[in-house]
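# Analysis of the macromolecular model
So you can see what is in the structure, the chains are spelled out below.
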Number of protein chains: 2
Amino acid sequence: MTSVEQHEHPIEPTINATVLRQIRADIVACRLTPNARLRVEALRLRYGVGGSPIREALMRLEAEGLVTLEAHKGFRVSPVSHDNLVDLTKTRGEIEAIALRWSIANGGVEWEADLLGAFHRLTHQRKTKRSAGDTVDPAWFREHRNFHAALVAACGSPKLKAIRESLFAQAERYVALSIISKSPVRNDIAEHEQIMGAALAHDVARAIRLNSAHIERTAERVAKSLVGAKRAFLLRGGIDEGMG
Amino acid sequence: MTSVEQHEHPIEPTINATVLRQIRADIVACRLTPNARLRVEALRLRYGVGGSPIREALMRLEAEGLVTLEAHKGFRVSPVSHDNLVDLTKTRGEIEAIALRWSIANGGVEWEADLLGAFHRLTHQRKTKRSAGDTVDPAWFREHRNFHAALVAACGSPKLKAIRESLFAQAERYVALSIISKSPVRNDIAEHEQIMGAALAHDVARAIRLNSAHIERTAERVAKSLVGAKRAFLLRGGIDEGMG
DNA sequence: TGTCAACATATTTTCGAAAATATTGGATTT
DNA sequence: AAATCCAATATTTTCGAAAATATGTTGACA
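In short, a report on the structure. Numbers given for residues are sequential positions, taken from 1 along each chain in its written order. Chains and ligands are labelled sequentially in the order written, the chains with letters from A and the ligands with numbers from 1. A pLDDT threshold of at least 70 governs which residues receive local features in this predicted model, and a stricter bar of 80 or more applies before side-chain atom pairs are shown or counted, although totals over entire chains, interfaces and linings include all residues. The side-chain numbers reported here are obtained from all heavy atoms of the structure, hydrogens and water having been left aside.

### Focus: the packing of helix 6 (residues 138-151) of chain B against helix 8 (residues 189-200) of chain B
All names here are of chain B. Our working rule: Angles run from 0 to 180 degrees between N-to-C directions of axes, and those axes are lines fitted to C-alpha atoms, restricted for helices to the stretch in contact. Numbering goes from the N terminus for both helices and strands, where a helix is a DSSP run of H or I of at least four residues and a strand is a run of E of at least two. Orientation categories follow fixed angle ranges, with anything under 35 degrees roughly parallel, anything over 145 roughly antiparallel, 65 to 115 roughly perpendicular, and all other angles oblique. Left-handed describes a crossing whose near helix is turned anticlockwise from the far helix by less than a right angle; the clockwise case is right-handed. The contact definition used throughout considers only heavy atoms, calling two residues in contact when any of these lie within 4.5 Å. For this classification, Asp, Glu, Lys and Arg are treated as charged, while Ala, Val, Leu, Ile, Met, Phe, Trp, Tyr, Cys and Pro are nonpolar and the rest, including Gly, are polar.
Contact geometry of helix 6 with helix 8 gives a least axis separation of 11 Å together with a crossing angle of 20°. Overall, the two elements helix 6 and helix 8 adopt an arrangement that is roughly parallel. Where helix 6 crosses over helix 8, the handedness of that crossing is left-handed. Facing helix 6, whose interface residues are His-144, Phe-147, His-148 and Leu-151, helix 8 presents His-192, Ile-195, Met-196 and Ala-199. When the residues that make up the contact of helix 6 with helix 8 are grouped by side-chain class, the tally is five nonpolar, three polar and no charged.

Written as structure tokens, this is what we have:
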């Protein structure tokens, strides 16, 4: 370490923050499967850290809805269910509608430019990895997430944005689940382009309608593969630890 | 401990859960003032527990928006500001509107009965404690919270309900702040009755309009006393630890 | 065979102390 | 006097172990 680095603060993230992001990513990608028990000892080994930052991260994720906690019985990955998916889809549709309405009302040239940029990056990102045949490239998920964030970036409400982001992550988990169950992933560039077009044209009603349709269409496909995913997991022996 | 108790599970709450509720209540009531540092040692002494459950509770509250965390600098009570109040009010108005719309659509006789009961309890609860002159009775806060929860109880969406509850708690904190700054508290039984009347009449538009007006009217009063509250706190020497 | 208690194990939860990082205050130099 | 460095202190963060609770298993007994 040079003497310079002692004065610049490179803002080293805490173990806590690091492991929080890791666990969240693992849950959203279903590498930690729905309803699976989250034993501290197992997670300690998995992430190579002590028990305290693990528990603190899980506590945070419980508030976000990705983890459940029962007193004296520990943590679990939140279970999935058809009811939960329906609730999530409906709620997310309404929240995104508000955010989109406000964003279109407030958004200026800067917002429009960022949105076009996000769309461009999304369309030029391969959806499936060329190496692993049917798994979706994590980079595509990132660009997809960024595009939808760009749509509502100008809404002007940190609170609404945080709520939207939380619901988006929960929805992503269901998509990851449907991918695992070998459902073909549709290519919906046209859909995204239409939403963006309506937003840029300041056509609030149309943007909201298209966005809601986008959310619901995705949810329907996921719902269809949900029962299949459940069967697949049960056959693999995940009866107790598996999904609800 | 008798032999019977070993088989009945009285569900002892964990220290964690207990201290979480305590800290949340203290923050919402501004007994822990906005922007105040939350040192683990101080909280350890205040609540008489170890550091682990404290940190876990604070982590949970950070996700709820009542606490902020900066890496290696610890926790603080979330600061208050005019911008934050405006954001909170606008967002809460929209969220409650959705919940109210769904609740009116789904609600049956059971919901109506509970709502009438909640209103009755609210109106028969003294607002100010007879002992301490100008402090609001915590029991009134509870009934007020219950009444607004009863309005949206039939909305059918656990997710939306959780979001609404979180925003409601944040708004309550601002009200507590305005009370501390000696603002007179208005008696708004008539307002609550009108909202309930519209809901029971299944007049969605009117119920939403009245509810939003209720939220905004309260926020305006709070906003006026906000600058006064700030001055009061600063004079008391809370410059560094006080409010943002 | 089935039920229940008592023991043994596994796991969660909590504490106290160690390690890592930030902050403060004073001495030194420009 | 202002800025800078260094040491001392305070605080956060993390770990490892102890305490509390849940779960599983065995054996006695009806």
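Now that the structure is up, let's keep going.
### Details of the protein's contact with DNA strand C
This is how it is decided: The near set for a molecule or strand comprises every residue that places at least one heavy atom within 4 Å of it. Throughout this description, a polar contact denotes any pair of N or O atoms lying within 3.5 Å of each other; where both atoms belong to protein, one of them has to be capable of donating a hydrogen while the other can accept it, and for residues adjacent in sequence the pair is counted only when both atoms sit in side chains.
Taken together, the neighbourhood of DNA strand C is formed by 21 residues, with Arg55(A), His72(A), Ile15(B), Gly50(B) and Ser52(B) sitting nearest. The share of sugar and phosphate among atoms of DNA strand C within 4 Å of the protein is 90%. The backbone of Asn16(B) places a nitrogen or oxygen atom 3.2 Å from a phosphate oxygen of DNA strand C. Contacts to DNA strand C include Gly50(B), whose backbone N or O atom sits 2.5 Å from a phosphate oxygen. Listing elements by their share of the surface near DNA strand C, those giving two or more residues are strand 1 (37-38) of chain A together with helix 1 (15-28) and helix 3 (51-64) of chain B. Residue composition of the surface near DNA strand C, by class: six nonpolar, eight polar and seven charged.

### Brief notes about the interface of chain A and chain B
Heads up, the rule is: The quantity reported as buried area is the accessible area (1.4 Å probe) lost by two parts once they are put together, taken as the sum for both. Salt bridge criterion: a side-chain nitrogen from Lys or Arg within 4 Å of a carboxyl oxygen from Asp or Glu.
Chain A puts 28 residues into the contact, and the matching count from chain B is 28 residues. Interface of chain A and chain B: buried area, both sides summed, is about 2,700 Å²; carbon and sulfur atoms make up 61% of it. It is Glu56(A), Met59(A) and Lys159(A) that lose the most area in chain A upon contact with chain B, and together they represent 23% of the buried surface on that side. If you look at where chain A meets chain B, you find six salt bridges. The salt bridge partner of Glu56(B) is Arg55(A), with a shortest N-O separation of 2.8 Å. Contributing elements (two or more residues each) for the side of chain A that touches chain B: helix 3 (51-64), helix 4 (82-106) and helix 7 (158-180) of chain A. A per-element tally of the side of chain A that touches chain B places helix 4 of chain A first, with 10 residues. Classifying every residue of the side of chain A that touches chain B by side-chain character gives 11 nonpolar, seven polar and 10 charged.

### Digging into the packing of aromatic side chains
Where two aromatic rings form a pair, the distance of their centres and the angle of their planes describe that pair. All names here are of chain B. Let me state the cut-off plainly: Pairing of aromatic rings covers Phe, Tyr and Trp, the last counted by its six-membered ring, and requires centre-to-centre distances within 6.5 Å; plane angles under 30 degrees mean stacked, over 60 mean edge-to-face, and any other angle means tilted. A simple rule labels every residue: compare its accessible area, found with a 1.4 Å probe on the protein chains alone, to the largest value its type can have, and call it buried under 20%, exposed over 50%, or partly exposed in between.
Taken as a whole and judged by the stated rule, the model has four aromatic pairs over all chains. The interplanar angle of 55° and the centroid separation of 6.0 Å between the aromatic rings of Phe-119 and Phe-147 together place this pair among those described as tilted. Placement of Phe-119 in helix 5 (residues 109-123) and of Phe-147 in helix 6 is noted, with a sequence separation of 28 residues between them. Phe-147 carries the same exposure label as Phe-119, and that label is buried.

### With respect to the protein's contact with DNA strand D
Close contacts around DNA strand D come from 21 residues, with Ile15(A), Gly50(A), Ser52(A), Arg55(B) and His72(B) the closest. When atoms of DNA strand D within 4 Å of the protein are sorted by moiety, sugar and phosphate together comprise 89%. Measuring from a phosphate oxygen of DNA strand D, one finds a backbone N or O atom of Ile15(A) at 2.4 Å. Here a phosphate oxygen of DNA strand D and a side-chain polar atom of Arg39(B) are 3.2 Å apart. Of all the secondary structure elements, the ones that give two or more residues to the surface near DNA strand D are helix 1 (15-28) and helix 3 of chain A together with strand 1 (37-38) of chain B.

### Observations concerning the sheet that holds strand 3 (residues 74-77) of chain A
Residues and elements named next belong to chain A. Note the following rule: Should DSSP find at least two bridges between two strands, the strands are regarded as paired.
Strand order in this open sheet of three strands is 1-3-2, and the pairing throughout is antiparallel. Each edge of the open sheet is held by one strand with a lone partner, namely strand 1 and strand 2 (67-70). In this sheet, strand 3 lies alongside strand 1 in antiparallel orientation, the contact comprising two bridges. Following the sheet pairing, Leu-38 is matched in strand 3 by Phe-75. Strand contacts of helix 3: strand 1, strand 2 and strand 3, with the helix running at about 105° to strand 2, the strand carrying the most contacts.

### Structural notes on the relation of the copies chain A and chain B
The criterion, for reference: Overlaid copies result from least-squares superposition on C-alpha atoms, with residues included only where pLDDT is at least 70 in both.
For the pair chain A and chain B, the superposition axis carries a translation of 0.0 Å, the fit reaches an RMSD of 0.0 Å, and the rotation angle comes to 180°. Taken together, the rotation angle and the small translation identify this as a two-fold axis. Comparing interface residues between copies, 100% of those in chain A also sit at the interface in chain B, which points to an isologous, same-surface contact.

### A word on the nonpolar core
For clarity, the threshold we go by: Side-chain atoms within 4.5 Å link the members of a nonpolar core, which is a set of buried Ala, Val, Leu, Ile, Met, Phe, Trp, Tyr and Cys residues.
One finds Leu115(A), Phe147(A), Leu151(A), Leu115(B), Phe147(B) and Leu151(B) to be the most contacted residues of the largest nonpolar core, which totals 86 residues. If near-sequence neighbours (up to four positions away) are discounted, Phe147(A) is found in contact with Leu115(A), Ala118(A), Phe119(A), Leu122(A), His192(A) and Met196(A).

### What about helix 5 (residues 109-123) of chain A?
Since the α-helix advances by 3.6 residues per turn, residues separated by three or four positions end up pointing in the same direction. Residue and element names in this part refer to chain A. Here is the rule: A helix is expected to reach a length of 1.5 Å times the quantity of its residues less one. Read the arc as the range of directions from the helix axis to the C-beta atoms.
Along its 15 residues, helix 5 runs 21 Å from first to last C-alpha, staying within 8% of the 21 Å computed at 1.5 Å per residue. Every buried residue of helix 5 is accounted for by Trp-111, Leu-115, Ala-118, Phe-119 and Leu-122. For helix 5, the buried positions fall inside an angular range of 100° around the axis, keeping them on one side. Residues of helix 5 that are exposed and point over 90 degrees away from its buried face: Val-109 and Glu-110.

### Description of the pairing of strand 3 of chain A
Residues and elements named next belong to chain A. Two elements, strand 2 and strand 3, share four bridges in a ladder whose sense is antiparallel. Its bridge partner lying in strand 3, Leu-69 is registered against Phe-75. What sits between the antiparallel neighbours strand 2 and strand 3 is a turn of three residues, in which His-72 has the positive phi angle 70°.

### Describing the side chain of His192(A)
Residues and elements named next belong to chain A. Its place among the elements puts His-192 in helix 8 (residues 189-200). A distance of 3.0 Å separates a polar atom in the side chain of His-192 from the backbone oxygen of Asp-188. With residues near it in sequence (within four places) discarded, His-192 still touches Phe-119, Leu-122, His-144, Phe-147, His-148 and His-214.

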